[in-house]
Amino acid sequence: MLEVENISAGYGNGDVIENLSFIAIKKEIYVLLGANGAGKTTTFRAITGILPLSSGRVVVDGIDLWVEPENAKRKMGYLPEGERVYPDLTVYKNLRFFAKIYDVEEERINELLKEFRLEKYKNTKAGYLSRGFRKRLALARALLHNPDILVLDEPFSNLDIPTALSLRDKIFEMLKEGKIILFSTHILSELQNFEGVKCRVAIMKEGKLVLEERLENLLSKVSSIEVVFKVDKKIRAKELLEKFGYNVNVENTGISVMVSRYNDEVPAIMKILLTQGINVYEVKPKETPIEKIFTGILEK
Ligand SMILES: Nc1ncnc2c1ncn2[C@@H]1O[C@H](COP(=O)(O)OP(=O)(O)OP(=O)(O)O)[C@@H](O)[C@H]1O
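Calculation criteria
The residue numbering used here restarts from 1 in each chain and proceeds along that chain's sequence as written. Local features in a predicted model are, by the rule used here, given only for residues with pLDDT of at least 70; side-chain atom pairs are given and counted only at 80 or more, and totals for whole chains, interfaces and linings are based on all residues. To obtain the side-chain values, all non-hydrogen atoms of the structure were used and water was disregarded. Pairing of aromatic rings covers Phe, Tyr and Trp, the last through its six-membered ring, and needs centres within 6.5 Å; plane angles under 30 degrees mean stacked, over 60 mean edge-to-face, and all others mean tilted. Only protein chains enter the accessibility calculation, which uses a 1.4 Å probe; a residue whose area is less than 20% of its type maximum is buried, one above 50% is exposed, and one in between is partly exposed. In this text, helices come from DSSP runs of H or I with a minimum length of four residues, and strands from runs of E with a minimum of two, each type numbered from the N-terminal end. The rule is short: NZ of Lys or CZ of Arg within 6 Å of the ring centre and within 35 degrees of the ring normal puts a charge over the ring. Only strands that DSSP links by at least two bridges are regarded as paired with each other. Between N-to-C directions, angles cover 0 to 180 degrees, with each direction set by a line fitted to C-alpha atoms, over the stretch in contact for helices. Whether two residues are in contact is decided by their heavy atoms, any of which lying within 4.5 Å being enough. Here the limits of each domain have been adopted from an automatic or database domain assignment.

In the annotation of an unreviewed UniProt entry, the protein is listed under the name ABC transporter and assigned to Thermococcus litoralis.

Student: What's the story with the packing of aromatic side chains in this structure? I'm lost.
Tutor: Two numbers describe a pair of aromatic rings. These are the distance of the centres and the angle of the planes. Per the counting criterion, the structure on display carries 9 aromatic pairs. Taking the centre distance of 4.6 Å and the plane angle of 10 degrees together, the rings of F22 and Y30 count as stacked. There is no split in this pair, since F22 and Y30 are both buried. Note on Y86 and F98: the rings are 6.2 Å apart at their centroids and 15 degrees apart in plane angle, and the pair reads as stacked. Of the two residues, Y86 sits in the loop between strand 6 (76–79) and helix 3 (91–102) while F98 sits in helix 3, which places them 12 residues apart along the sequence. Clustering of aromatic rings is evident, with ring pairs tying together F156, F172, F183 and F194. The ring centre of Y92 lies 5.2 Å from the NZ or CZ of K122, which sits over that ring. When the ring centre of F133 is taken as origin, the NZ or CZ atom of R136, which lies over that ring, is 4.2 Å away.

Student: I tried to follow the sheet that holds strand 9 (residues 199–205) on my own but got confused; where do I start?
Tutor: Hydrogen bonds along the backbone pair up the strands of a sheet, which may run parallel or antiparallel. Strand order in the open sheet formed by 6 strands is 6-7-8-3-9-10, with mixed pairing between adjacent strands. Edge positions in the sheet fall to strand 6 and strand 10 (208–214), since each has one partner strand and no second. Taking the axes of each pair of neighbouring strands and ignoring which way they run, one obtains an average angle of 15 degrees across the sheet. Looking at chain direction, strand 9 and strand 10 are connected through 6 bridges and run antiparallel. Its bridge partner lying in strand 10, V201 is registered against E213. This element, helix 5 (residues 131–143), spans strand 6 and strand 7 (149–152) of the sheet and lies at about 165 degrees to strand 6. On the sheet, helix 6 (residues 161–176) packs against strand 3 (29–34), strand 7 and strand 8 (180–185) and is oriented at approximately 150 degrees with respect to strand 8.

Student: What is the right way to look at the domain arrangement of the protein in this model?
Tutor: For an interface, size is often stated in terms of accessible area lost upon the parts coming together. As far as domains go, the protein holds domain 1 (2–220) and domain 2 (225–299). A straight line from the C-alpha centre of domain 1 to that of domain 2 covers 38 Å.

Below, the structure written as structure tokens:
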């Protein structure tokens, strides 16, 4: 268990994060969601012992991070924002450097090279790797000492969709193994990929946690969303859908319809429109559910 008790920390000009408290447990993902500059990286630096606390405590499986830093840090793996690897060292040497620090056997390096499909690039300088592969290397490095707790700062940023999905699957796998996983994001729609797993989301604003909620509750808070259909016969489309009980508005670009079950209702609406000879050129939600909540909270 990772217990964060009332921590404050900053960079010399006062605290950037203030009185944060939360608990991250096994088999559950803990997400820090916040706009740029909200304090996510600072929080992760503080809980991994990189940045000193000005007050509060971080306790890792019963070990106080500032009382027994080495023992507590051994239990944590940290993926910093961006792909922070040594660009002039090969993939292998990047891992070996940290393996020595953590006193990890050579065998573990080979295991990780295989697991992250980096064998082929073993002797390639990290600076020449694509972003996705640099991220894999950085993640492999974070896992070298087989930590129980993984702290991933914006792990999905700058990844293409297949790489992001394979990283998500890797996170699921590690979760099943019993690891505690924390990650941060400012991209709200990323969380929709985590529906169905145990996931708690803390929304950060200006260095404070303003809301903590289970992902499914966060999503269910928005019972309906507005979807815009770009169509050619707007009035006809409105009249038609209203007969089916939909709440429809005519807009400049088309019609907007309130839907509560996006995945079922949008195809049904499309079918109604198309079978009645109304062309649909584009379908777009006005806001994604999480964005709606996020915007609502941050505007308060
Ligand atoms: N090394 C530093 N020295 C001084 N101030 C810093 C430093 N790093 C971050 N800050 C400030 O701390 C605040 C929080 O930044 P932080 O990087 O923790 O936010 P974030 O939520 O991770 O943002 P982003 O998504 O942009 O990475 C910002 O106002 C930032 O300018």
